[in-house]
Amino acid sequence: QSRPLEAIYVVVYFDCLMVKIRDGAHIVNKAIYPAIGLTREGQKEALGLWLSLAAGAKFWMGVVTELKNRGVSDLFIACVDGLKGLPAALKRSSPRPRCSNASSIKCAPHSRM
């Protein structure tokens, strides 16, 4: 997760995948948080995968900061599936008005929650 990224993404999808991982002699559930970006040319790019036990505002601020440090300066739509703390982190991440007002939408199953 160190390659430079595009400056602008039209859509960035943030999600949570629960996976079973062997931890010694035990199998445990862990959360993996992927970010997939759609470029202005329509190409999908994997922006990163993050593993965390708790994904609150501090965790998401770290993810957003990492993306900015890798070159992302703006995104138009953030597709967020009920990930608490992420919309606030996106709004606080940049002094630029367009980024701080990025739209945040939920998928159909999560919009009922």
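Values in this document were obtained by computation on a predicted structure and should not be read as measured data.

Rules of the game
Residues numbered from 1 in each chain as written. Predicted model: local features only at pLDDT ≥ 70, side-chain atom pairs only at ≥ 80, totals over all residues. Heavy atoms only, no water. pLDDT = per-residue confidence, 0-100. Contact = heavy atoms within 4.5 Å. Helix = DSSP H or I, 4+ residues; strand = E, 2+ residues; numbered from the N terminus. Buried < 20%, exposed > 50% of the residue type's maximum accessible area, 1.4 Å probe, protein only. Salt bridge = Lys/Arg side-chain N within 4 Å of Asp/Glu carboxyl O. Expected span 1.5 Å × (residues − 1). Arc of directions from axis to C-beta. Pairing = 2+ DSSP bridges.

Novice: So what exactly am I meant to see when it comes to the confidence of the model for the chain here?
Specialist: Any region with low pLDDT has predicted coordinates that should not be read closely. In this model, the chain carries a mean pLDDT of 83, and residues with pLDDT of at least 70 account for 82%. Segment residues 96-102 is flagged for pLDDT under 50; beyond a separation of four residues in sequence, or across chains, it makes 13 contacts in the model.

Novice: Whenever I open this one, the side chain of serine 52 confuses me. Can you help?
Specialist: Tracing the backbone shows serine 52 in strand β4 (residues 44-52). Among the residues examined, serine 52 registers a relative accessible area of 13% and is labelled buried. If near-sequence neighbours (up to four positions away) are discounted, serine 52 is found in contact with Ala31, Tyr33 and Phe59.

Novice: Would you mind showing me how to read the pattern of salt bridges here?
Specialist: In a structure, side chains of opposite charge can pair up when their charged atoms sit close to one another. Under the counting rule described, the total for this entry stands at two salt bridges. A salt bridge links glutamate 45 to arginine 3, with the nearest nitrogen and oxygen atoms 3.8 Å apart. One end of the pair, glutamate 45, is in strand β4; the other, arginine 3, is in the segment before β1 (8-14), and 42 residues separate them in sequence. By relative accessible area, arginine 3 is classed as partly exposed at 37%. Between arginine 70 and glutamate 66 there is a salt bridge; the shortest N-O distance is 3.6 Å. By relative accessible area, glutamate 66 is classed as partly exposed at 21%.

Novice: Mind showing me how you'd approach helix α1 (residues 57-69) here?
Specialist: An α-helical turn contains 3.6 residues, so a residue and the one three or four places further along point in the same direction. If you check α1, its first and last C-alpha atoms are 18 Å apart, about what 13 residues at 1.5 Å a residue would give, namely 18 Å. Buried within α1 we find Phe59, Trp60, Val63, Val64 and Leu67. For α1, the buried positions fall inside an angular range of 135° around the axis, keeping them on one side. With respect to the buried face of α1, the exposed residues turned more than 90 degrees away are Lys58 and Asn69. Contacts made by the buried residues of α1 are with β1, β3 (26-38), β4 and α2 (86-92). Downstream of α1 by one or two residues, glycine 71 has phi in the positive range, about 120°.

Novice: How should I be thinking about the pairing of β3 in this particular structure?
Specialist: With four bridges joining them, β1 and β3 adopt antiparallel strand pairing. Paired with valine 11 across the strands is leucine 38, a residue of β3. As paired strands, β3 and β4 are joined by eight bridges and run antiparallel to one another. Following the sheet pairing, proline 34 is matched in β4 by leucine 49. The loop that links β3 with its antiparallel partner β4 comprises five residues; one of these, glycine 42, has a positive phi angle of about 90°.

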